[in-house]
Amino acid sequence: MISKKMSTYLAGNSMIRAMFEEGKKLKEIYGEDNVFDFSLGNPNIPAPDEVNKAIIDIVQNEDPVKLHGYMSNQGHEDVREIISDSINEKYGTNFSADNLIMTAGAASGLNIILKTILDPGDEVIVFSPYFLEYGSYVKNYDGILVEVDCNCDDFLPDAESLEKAITDKTKAIIINSPHNPTGVVYPEKTIEEIAEVLDKKQRELGKSIYLISDEPYRELVYDDIDVVYISKYYSNSIIVYSYSKSLSLAGERIGYLVIPDEADGSKDIIAAATIANRILGFVNAPSLFQKVIARCVDANVDIEFYDKNRKLLYNGLKEAGLECIFPEGAFYLFVKSPMKDEMEFIEIAKKYNILMVPGSAFSCPGYLRLAYCISTKSIENSIPAFKKLMNEVNNI
């Protein structure tokens with residue numbers, strides 16, 4: 001028999017993954033471009049050429065015993081140094097290799113840092129809508145997830161609501177910008193307001209509160225919008241990064257944690273997080289892809305492809321009569337359901353081979369998430385289907 005804790009996970013298994021599996025079956029029947037599967041944020045453009053060239057060169061020319069062997073649980077030091085130098089050059093920070101821990105993607109990084117800082121009963125605040133796995137990650141270490149609603153006009157965190165949610169049990173806040181599922185990018189003013197509230201509450205409560213920034217979409221922004229680097233605004237910041245989206249390497253599981261020297265107890269946090277990397281079973285981030293990243297640290301995927309899809313889908317949905325905000329980053333549209341029950345709307349949409357994820361999967365009922373990291377042809381073909389869908393719904 002499975003554990004009681006896993007029984008709850010089984011009952012609430014990911015709607016996103018379930019929709020993805022349904023999409024695969026439909027594509028076998030109707031063809032890839034005739035099933036409009038907007039369910040999973042799985043990059044559909046190839047990794048940059050530099051990645052494949054690096055893989056081949058490394059495998060052919062480096063000592064295979066060393067390449068595929070263990071290293072420090074923190075990761076290859078030379079790789080961490082290259083990445084820290086790149087961050088410093090881009091954002092004016094002052095990190096060293098010692099501030100980084102290489103991880104098996106952002107999910108690994110989040111679990112590592114939460115295991116490191118949480119005691120049972122500690123609270124972690126998130127802003128809804130949010131990536132629902134945050135709740136599972138916090139629960140893994142017997143923490144308590146506290147949800148704070150965002151304003152559904154712009155989906156930006158409200159500093160006043162955050163302040164009310166902070167208690168003497170608050171240990172961390174998780175933010176995500178560019179944001180999944182809305183595509184919103186938090187402006188500098190929002191980060192400043194969050195930092196101001198956290199500084200104030202730390203003084204009042206006499207304790208450290210960590211701001212964890214989950215950043216797998218940092219490079220996926222449009223229209224010259226800047227993504228601020230949070231450690232420049234708040235000293236108790238921890239950055240979680242992944243190359244899954246920026247280099248289309250979702251299945252390779254490679255990323256890193258940044259724990260700045262300015263964070264309270266940083267030396268102990270770095271040491272404990274390095275141990276957590278090991279005892280959680282990750283041991284270390286994949287060795288080959290650490291080496292690959294070191295050679296591709298400043299490479300990026302073709303953002304123009306996603307931008308074209310973004311505009312095409314947004315305009316098509318508006319023409320069909322659906323409401324959504326224009327995303328500034330990531331590769332998602334967060335659409336207001338035209339029916340009170342978004343699950344009913346999703347079921348009707350399946351008749352037209354349209355697969356969407358309900359907003360309730362992100363703790364925001366009444367909305368739908370569409371991932372536009374699919375073929376442009378599929379998006380073009382989907383627009384008439386959306387119009388037929390809305391025609392049916394409007395006549396119910």
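Residues numbered from 1 in each chain as written. Predicted model: local features only at pLDDT ≥ 70, side-chain atom pairs only at ≥ 80, totals over all residues. Heavy atoms only, no water.

How do you make sense of the overall build of the protein chain when you look at a structure like this?
When its secondary structure is counted, the protein chain shows 14 helices and 13 strands. Whereas a compact globule of 396 residues would reach a radius of gyration of roughly 21 Å, the protein chain reaches 21 Å, a difference of no more than 12%. If one aligns the C-alpha atoms of the protein chain with their principal axes, the spans along those axes are about 60 × 55 × 50 Å. Taking all 396 residues of the protein chain together, 56% fall into the buried category. Carbon and sulfur atoms provide 49% of the accessible area of the protein chain, an area that totals close to 17,300 Å². (Helix = DSSP H or I, 4+ residues; strand = E, 2+ residues; numbered from the N terminus. Rg over C-alpha atoms; globule rule 2.2 N^0.38 Å. Buried < 20%, exposed > 50% of the residue type's maximum accessible area, 1.4 Å probe, protein only. Areas by Shrake-Rupley, 256 points an atom, 1.4 Å probe, with all protein chains shown as cover.)

Quick question: what am I supposed to make of the packing of helix α6 (residues 105-117) against helix α7 (residues 133-140) here?
Describing two packed helices takes the angle between their axes plus the distance from one axis to the other. Interaxial distance between α6 and α7 falls to 9 Å at its minimum, and their mutual angle equals 35°. Considering only the axes of α6 and α7, their crossing is right-handed. Along its contact with α6, which presents Ala-107, Leu-110, Asn-111 and Leu-114, the element α7 presents Tyr-134, Tyr-137, Val-138 and Asn-140. (Axes fitted to C-alpha atoms, helices over the stretch in contact; angles between N-to-C directions. Left-handed = near helix turned anticlockwise from the far one by under 90°. Contact = heavy atoms within 4.5 Å.)

I would appreciate a short explanation of the nonpolar core in the present structure.
What tends to happen in soluble globular proteins is that the nonpolar side chains get buried as a cluster. In this structure, Ile-83, Leu-162, Ile-173, Ile-175, Leu-198, Tyr-243 and Tyr-256 are the most contacted members of the largest nonpolar core, which totals 61 residues. When neighbours within four sequence positions are excluded, Tyr-243 is seen to be in contact with Ile-83, Ser-248, Leu-249, Ile-254, Gly-255, Tyr-256, Ile-293 and Val-297. Counting 39 residues, the second largest nonpolar core, distinct from the first, contains Tyr-217, Tyr-314, Met-339 and Ile-374. (Core = buried A, V, L, I, M, F, W, Y, C linked by side-chain atoms within 4.5 Å.)

How should I be thinking about the pairing of strand β3 (residues 123-128) in this particular structure?
On a regular strand, each side chain points to the face opposite its neighbour's, so the side chains alternate between the two faces of the sheet. The buried fraction of β3 is high, at 6 of 6 residues. Here β3 shows two buried faces, one formed by Glu-123, Ile-125 and Phe-127 and the other by Val-124, Val-126 and Ser-128. As paired strands, β3 and strand β4 (residues 144-149) are joined by 6 bridges and run parallel to one another. Pairing of Val-126 across the sheet is with Glu-147, part of β4. Where the polypeptide runs from β3 across α7 and back to β4, its parallel neighbour, the crossover connection is right-handed. Taken together, the 4 bridges between β3 and strand β5 (residues 170-176) define a ladder with parallel strand orientation. Following the sheet pairing, Val-126 is matched in β5 by Ile-174. (Pairing = 2+ DSSP bridges. Right-handed = clockwise from strand over helix to strand, strands pointing away.)

Can you walk me through the packing of aromatic side chains in this structure?
Here a ring pair, both rings aromatic, is described through the centre-centre distance and the interplanar angle of the planes. Summed over the entire model, instances satisfying the criterion amount to 18 aromatic pairs. A ring pair is formed by Phe-131 and Tyr-134, whose centres lie 5.8 Å apart and whose planes are at 85°; its orientation type is edge-to-face. With 5.6 Å between their ring centres and 80° between their planes, Tyr-217 and Tyr-332 make a pair best called edge-to-face. Taken together, the residues Tyr-217 in the loop between β6 (210-214) and β7 (237-242) and Tyr-332 in strand β10 (residues 332-336) connect sequence positions 115 residues apart. As far as the burial class goes, Tyr-217 and Tyr-332 line up, both buried. Residue placement shows Arg-218 over the ring face of Tyr-91; its charged tip is 4.7 Å from the ring centre. (Phe/Tyr/Trp six-rings, centres within 6.5 Å; stacked < 30°, edge-to-face > 60°. Lys NZ or Arg CZ within 6 Å of the ring centre and 35° of its normal.)

Would you take a moment to explain the sheet that holds strand β12 (residues 357-358) for this structure?
Pairing is antiparallel across the open sheet formed by 4 strands, whose spatial order is β9-β10-β13-β12. Among the strands making up the open sheet, the edge pair consists of β9 (323-324) and β12. By the bridge criterion, 2 bridges tie β12 to strand β13 (residues 367-371) in an arrangement that is antiparallel. Within β13, the residue paired with Val-357 across the bridge is Arg-369.

Honestly, the packing of helix α12 (residues 303-320) against helix α14 (residues 376-394) in this entry has me stumped. Any pointers?
Contact pair α12 / α14: the axes reach a minimum separation of 9 Å and the direction vectors enclose 15°. Relative to α14, the element α12 lies roughly parallel. The crossing of α12 and α14 is right-handed. For the pair α12 and α14, the contacting residues are Phe-305, Lys-308, Asn-309, Leu-312, Leu-313, Gly-316, Leu-317, Glu-319 and Ala-320 in the first and Thr-376, Ile-379, Glu-380, Ser-382, Ile-383, Phe-386, Lys-387 and Met-390 in the second. For the contact of α12 with α14, a count of residues per class yields 9 nonpolar, 4 polar and 4 charged. (Parallel < 35°, antiparallel > 145°, perpendicular 65-115°, else oblique. Nonpolar A, V, L, I, M, F, W, Y, C, P; charged D, E, K, R; others polar.)

How should I be thinking about α12 in this particular structure?
It helps to recall that an α-helix has 3.6 residues per turn; residues three or four apart then point in one direction. End to end, α12 covers 26 Å across 18 residues, agreeing with the expected 26 Å (1.5 Å per residue, within 8%). Tucked inside the fold, the buried residues of α12 contact β9, β10, β13 and α14. Near the N-terminus of α12, the side chain that reaches the backbone nitrogen of Glu-304, with its oxygen 3.1 Å away, is that of Asp-302. Taken from the residues just after α12, Gly-321 is the one with a positive phi, measuring 100°. (Expected span 1.5 Å × (residues − 1). Polar contact = N/O pair within 3.5 Å; in protein donor to acceptor, adjacent residues only side chain to side chain.)

Help me out: how do you make sense of the side chain of Ser-266 in this one?
By secondary structure assignment, the location of Ser-266 is in helix α10 (residues 266-279). Owing to a relative accessible area of 8%, Ser-266 belongs among the buried residues under this scheme. Among the polar contacts listed, one links the side chain of Ser-266 to the backbone oxygen of Asp-261, at a separation of 3.1 Å. If we skip the residues at most four places from it in the chain, Ser-266 touches Ile-259, Pro-260 and Asp-261.

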